[in-house]
Every structure is written in C-alpha cells, then in structure tokens.
Amino acid sequence: MDATTGTPRTDTPDTRATPRIVVGGALVRDGRVLAARRSAPEAVAGRWEFPGGKAEPGETEAQALERELLEELGVRARALTRLPGAWAVRPGLELRFWAAELLAGEPRALEDHDALRWLGPDELDTVDWIDHDRDVLPHVARLLTEGGTEGGTAAADGIPTAGDAQSAE
C-alpha cells in the first residue's frame, strides 16, 4: 500500500522471489552411497553430507550437480532422478537432492571435505549427518535397497529426472 494514498502499489518487486537452488548428490556405486565429511565452515565441520553445491544462473539442477561433483570430488557423474523433498537451508536457498551414478574417476576430497566414505543401507546411521541430509536418508536407503536409481520412485511420483527441462534459476 502507498502510505500517502492508501492504494495498492504495483511498482514494488515481488518479495516471494524464487530461491536459489542447492543440489546434493546421492552418488551410488555397487549398492553404496558416498558420504563426505565437511571441513568448513566451522558450524558444520566434522559432520557428513551428500556432496553438491549451488546451481549457477541458467544451469539445470542436473548440470549443477554434475559440475559440483567434478569440482568437489574430481569425478564425472550423471544426475539421474531427483529425490522427494526440498529444504530451506536459509532464506533464499533451497536444497534438493538427486540420485547420481559414477561415470569415471575415483572420488577424492578436493574441496570443503576432509574424508569420504561409501555407506551401505545398513550403515547410513553410522555418521553424524548435517540435519537436511539426514532428512533425505529414507529415500537414499530405498534407492540402495531397491538396487536402482533410474526410473525409481521419484520419477514415478512426478519428481524431475535429469532429462526434464528444470531450470535452476
């Protein structure tokens, strides 16, 4: 409202701007998923997460995850299916998880991590996960126990696959 006239204003920007997307990758190999221990920032150092990062403008979620896994772990991977759920990390940032498969390379802790572990479905609760990553564990466990990532439950539930045109803006 315009304070002087009492009429609705039409020139103000929408305060419900689309959040920037952060992608986390459940990188699966041989029935196990990769967990990475954070080395920074101090608030989460020593806790475990699924590697990933922020999508750049114009990048799809799948492209962002594939780029982030190359930067953080030195591996080529393919994003397959988005897992159910989305979490507000902080105002303006929304975290989404994807199943991914390793295409080439052996993961190494290159950026923001000091240790990596491959975990089976019965080992997922053996590390101290960052809260948002802990929330997606039931979906990751299902991925590992059902033995497949492509065309899994997320795609059947209408959640995007890497082939979908999903903008990350």
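Keep in mind that this is a model prediction, so the values were computed, not measured.

**Quick look at the overall build of the protein**
Then, in step 1: Helices and strands together make up the secondary structure of the protein, namely 4 helices and 8 strands.
Then, in step 2: Counting from the amino terminus, helix and strand elements in the protein follow one another as β-β-β-β-α-β-β-β-β-α-α-α.
Then, in step 3: Relative to its full complement of 169 residues, the protein shows a buried share of 41%.
Then, in step 4: Here the analysis covers contacts within the protein between residues at least 6 apart in sequence; of these, 69% occur between residues at least 24 apart.
Then, in step 5: Accessible surface, the protein: about 8,900 Å² in total, of which carbon and sulfur atoms supply 47%.

**Some words on helix H3 (residues 137-146)**
Then, in step 1: For H3, the set of buried residues is Leu 137, Val 140, Leu 143 and Leu 144. Across the axial projection of H3, the buried residues extend over an arc of 115 degrees, all falling on one side. Turned more than 90 degrees from where H3 packs its buried face, Thr 145 and Glu 146 sit exposed.
Then, in step 2: Lining the buried residues of H3 we find strand S1 (20-29), strand S2 (32-38), strand S7 (93-104), strand S8 (113-119) and helix H2 (131-135).

**Side note on the pairing of strand S5 (residues 76-82)**
Then, in step 1: Among the 7 residues in S5, 5 count as buried, and that is most of the element.
Then, in step 2: Both S5 and S7 contribute to a ladder of 6 bridges, which runs antiparallel. Counterpart to Ala 79 in the pairing with S7 is Ala 100.

**Points about the pairing of S2**
Then, in step 1: Counting buried positions along S2 yields 5 of 7 residues, so the element is predominantly enclosed.
Then, in step 2: Summarising the sheet, S1 and S2 pair through 2 bridges and their orientation is antiparallel. Opposite Arg 29, over in S2, you have Arg 32 as the bridge partner.
Then, in step 3: Following S1, the chain reverses through 2 residues before pairing antiparallel with S2; Asp 30 in that reversal takes a positive phi of roughly 50 degrees.
Then, in step 4: Here S2 pairs with S8 via 6 bridges, running antiparallel. Note on S8: the bridge partner recorded for Val 33 is Leu 119.

**Here's the deal with the environment of Glu 111**
Then, in step 1: Topologically, Glu 111 is positioned in the loop between S7 and S8.
Then, in step 2: Placed 43 residues apart in sequence, Glu 111 and Glu 68 show a C-alpha to C-alpha distance of 9.8 Å.
Then, in step 3: When neighbours within four sequence positions are excluded, Glu 111 is seen to be in contact with Glu 71 and Glu 72.

The rules behind these values
Residues numbered from 1 in each chain as written. Predicted model: local features only at pLDDT ≥ 70, side-chain atom pairs only at ≥ 80, totals over all residues. Heavy atoms only, no water. Helix = DSSP H or I, 4+ residues; strand = E, 2+ residues; numbered from the N terminus. Buried < 20%, exposed > 50% of the residue type's maximum accessible area, 1.4 Å probe, protein only. Contact = heavy atoms within 4.5 Å. Areas by Shrake-Rupley, 256 points an atom, 1.4 Å probe, with all protein chains shown as cover. Arc of directions from axis to C-beta. Pairing = 2+ DSSP bridges.

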